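# Per-entry structural report
Okay, here's what each chain looks like letter by letter:
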Amino acid sequence: MSSPATAPPAPSNLKRIVAASLIGTTIEWYDFFLYGSAAALVFNQLFFPESDPLVGTLLSFLTYAVGFAARPLGALVFGHYGDRLGRKKLLVLSLLLMGGATFAIGLLPTHATIGSAAPVLLTVLRLVQGFALGGEWGGAVLLVSEHGDARRRGFWASWPQTGAPAGQLLATGVLSLLTAVLSDSAFTSWGWRIPFLLSGVLVIVGLWIRLSVDESPVFRQALAQAEARKAERSAEVEKLPLVAVLRHHWRDVLIAMGARMAENISYYVVTAFILVYATTAADVSKQTALNAVLIASAVHFAVIPLWGALSDRVGRRPVYLVGAVGVALWMFPFFALVDTGSFGSLLLAVTVGLVLHGAMYAPQAAFFSEMFATRMRYSGASIGAQFSSVAAGAPAPLIATALLDATGGSTWIALYVIAAALLTVVAVAAAKETRNRDLADIESPADATPESARATDAHTV
C-alpha cells in the first residue's frame, strides 16, 4: 500500500531542522498570543476606553479575532508560493512580517493620544500578524515532516507544535513578570509595551537559525519531477496548487477543518478567555490567572511530543479522538474548578484542559501533512488548518465572553466547546489512518503515471 519510507536524514541535521522550526514557531506564536493576553488585560482600557469594561473586552477580542480572519489569506498566498518556491523562503518571510507587526504594536500610540486612529492602527497590525501566521504553520510542520521518516514522523513533527505552548509560556511569563514587578498604573501606562518590543530581538535570533537550514528534500524531488513532466508535456500547463487541492483533496480539506474545531476552540477558551472569566466571574487576580496559564503551558509543552510519539505507535486518529472526547468531558468540571477561586483548582482545570488539547494538537502536524501530495501539501495543509480558524479560534473568546455577558454563567460556554468536540469526532472518524504513509510517494491523480495510479489511489484519502 505504500512504498518504502524515504531514508531518514542524519540525526544532527534533523535536530537542527526541528530546532529551526520550533524556534521560529515559538516566536510567531509568542507574538500572536501576546496580543491575546494583552487584549484580555489592558487593550480594553488603552484602545476602547469609552466602553464599559466588559464591552471594552468584547471590542478588544474583536480586534483579536480580526487576526484570524487574515489567516486564510495568508494560507492561500504562502501555500501557493510555498508549493512553487519551497518551504524555507516563505518561512523567513512570515517571521519578518510577524515580528515587524508585533514590534510596531509596542510603539503604537493609544486612544488617549490619537483618538479613534489608535484602534484602527491596532487592527491593521493585527491583520498583518494573522496573515503571517496563516503561512507560518504549514511551512514549519512540513519542513520537519518532509525531512523525517515515516516511523517517527508523529514525534518529530509534533515539535513545531510545541511552539504554541512555548510561545504562550514566553508571552504569559513576560506579562506575569511585568505585572508582578510593576504597579497596575505603570503596567497600563508603559509596561505593556516591553514584551511587544522584545519581539524585535527574538526575530533576529529566529532568522539567524532559520536561514541556516536546507530546503525539504521531498519538495526538491517533487519539484524536479514536476519540471521533468512539464518538459515531456510541453503543451500542458501545471495547475495552481489551490486548484489542484480543491479538485483532488477537497475531502481532506473538509476533514482537516472539522478536526480543528475542538482543538482550536478549546485552546482559546482555556488560555485566552479564561483570563477574563477567572478575573471577573471567579474574582481571581490577574497575577493568579496568568500564573496558572504559565504553569499549565509548561506542562502542555512537555506532553505534546509524548502524544506525537504515541501517534507513531497507535495511529493519528486514536490519539486525536482521545483529545476531542476528553475535552468534551472536561468542560463542566473545568468551569466548576475555576469557580472555586482557588489557585490549585484553577491550575488543575487549565492543565488538564491543555493536556487533552495536546492529544489533538500533537498528531495534527503529521496527520495533515500525510493527507496531501507534495506539490500541493503546503496549500492543502494550510487551507485546511487556517480556514477553520475563522469559524473556530477567531470567535471563540468573543463568543465565550458574549455568553458570559448574556447568561452570567459558564453552562452555555461549556456546551459551546462540547458541540465543537462533537464536530471534531465526526471529522476524525471519517478520515482514514495515515500513520505509515511515505510523503515522497503521495501523488495527486493529475501527476500520477499509469504505473503509479494504483499506489496513488491507496494514498489518497
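Residues numbered from 1 in each chain as written. Predicted model: local features only at pLDDT ≥ 70, side-chain atom pairs only at ≥ 80, totals over all residues. Heavy atoms only, no water.

## Notes on the overall build of the chain
Here is the rule: Numbering goes from the N terminus for both helices and strands, where a helix is a DSSP run of H or I of at least four residues and a strand is a run of E of at least two. Classification of residues uses two cut-offs on accessible area relative to the type maximum, computed with a 1.4 Å probe and protein chains only: under 20% is buried, over 50% is exposed, and between them is partly exposed. The Shrake-Rupley method, run with a 1.4 Å probe sphere, supplies the accessible areas, and residue values consider only the shown protein chains as cover.
In terms of regular secondary structure, the chain is built from 21 helices and 0 strands. The buried share of the chain, taken over its 461 residues, is 61%. Of the accessible surface of the chain, which amounts to about 16,400 Å², a share of 69% is contributed by carbon and sulfur atoms.

## Examining the pattern of salt bridges
When their charged atoms lie close together, side chains carrying opposite charge are able to pair. Quick reminder of the rule: What makes a salt bridge here is a side-chain nitrogen of Lys or Arg within 4 Å of a carboxyl oxygen of Asp or Glu, nothing more.
The final tally for this structure, using the stated rule, is 4 salt bridges. Close ionic contact of Glu-370 with Arg-153 constitutes a salt bridge, the shortest N to O distance being 2.8 Å. Here Glu-370, found in the loop between helix H17 (343-369) and helix H18 (377-391), pairs with Arg-153, found in helix H8 (residues 153-161); they are 217 residues apart in sequence, far enough to count as distant. Here Glu-370 falls in the buried class, since its relative accessible area comes to 0%. Ionic pairing is found between Glu-263 and Arg-260, a salt bridge with its closest N-O pair at 3.0 Å. Taken together, the positions of Glu-263 and Arg-260, both in helix H14 (residues 250-280) and 3 residues apart, correspond to about one turn of that helix. Arg-260 shares its class with Glu-263; the two are buried.

## A short note on unusual backbone geometry
The backbone of Asp-283 sits at a positive phi, close to 55 degrees, despite the residue not being glycine. Along the chain, Asp-283 turns up in the loop between H14 and helix H15 (286-314).

## Things to note about H8
Most of H8 is tucked away: 8 of the 9 residues are buried. Those residues of H8 lying buried are Arg-153, Gly-154, Phe-155, Trp-156, Ala-157, Ser-158, Pro-160 and Gln-161.

## Looking at the confidence of the model for the chain
As a note on interpretation, predicted positions should not be read in detail where pLDDT is low. Rules: A residue's pLDDT is simply how confident the predictor is in it, with values from 0 to 100. For this analysis, residues touch if any pair of their heavy atoms sits within 4.5 Å.
Considering every residue of the chain, the mean pLDDT works out to 82; 84% of them sit at 70 or more. The element-level mean pLDDT for the chain is lowest in helix H21 (residues 453-459), coming to 40, with helix H16 (residues 316-339) highest at 97. Considering only residues more than four positions removed or in separate chains, one finds that residues 1-7, a stretch of pLDDT under 50, has 15 contacts. Every residue in residues 445-461 is under pLDDT 50, and counting partners more than four places away or in other chains gives 31 contacts.

## So, the environment of Ile-27
Its place among the elements puts Ile-27 in helix H1 (residues 11-41). Once the C-alpha coordinates of Ile-27 and Ala-171 are considered, the two residues, 144 residues apart in sequence, prove to be 9.5 Å apart. Ignoring any residue separated from it by four or fewer positions in sequence, one finds Ile-27 in contact with Leu-95, Leu-202, Val-203 and Gly-206.

## What about the packing of H14 against H17?
To be explicit about the condition: A fitted line through C-alpha atoms represents every axis, and for helices the fit uses only the stretch in contact; the resulting angles, taken between N-to-C directions, go from 0 to 180 degrees. An angle below 35 degrees is read as roughly parallel, one above 145 as roughly antiparallel, one from 65 to 115 as roughly perpendicular, and any other as oblique. We call a crossing left-handed when the near helix sits turned anticlockwise from the far one by less than a right angle, and right-handed when that turn is clockwise. Throughout this entry, Asp, Glu, Lys and Arg are counted as charged residues, while Ala, Val, Leu, Ile, Met, Phe, Trp, Tyr, Cys and Pro are counted as nonpolar. The remaining residues, Gly among them, count as polar.
With their axes 10 Å apart at the nearest point, H14 and H17 run at an angle of 150 degrees to one another. Compared by their axis directions, H14 and H17 come out roughly antiparallel. Note on packing geometry: the crossing formed by H14 with H17 is left-handed. Along its contact with H14, which presents Ala-256, Ala-259, Arg-260, Ala-262, Glu-263, Ser-266, Tyr-267, Val-270, Thr-271 and Ile-274, the element H17 presents Leu-346, Val-350, Leu-354, His-357, Met-360, Tyr-361, Gln-364 and Phe-368. Here the residues of the contact of H14 with H17 sort into 12 nonpolar, 4 polar and 2 charged.

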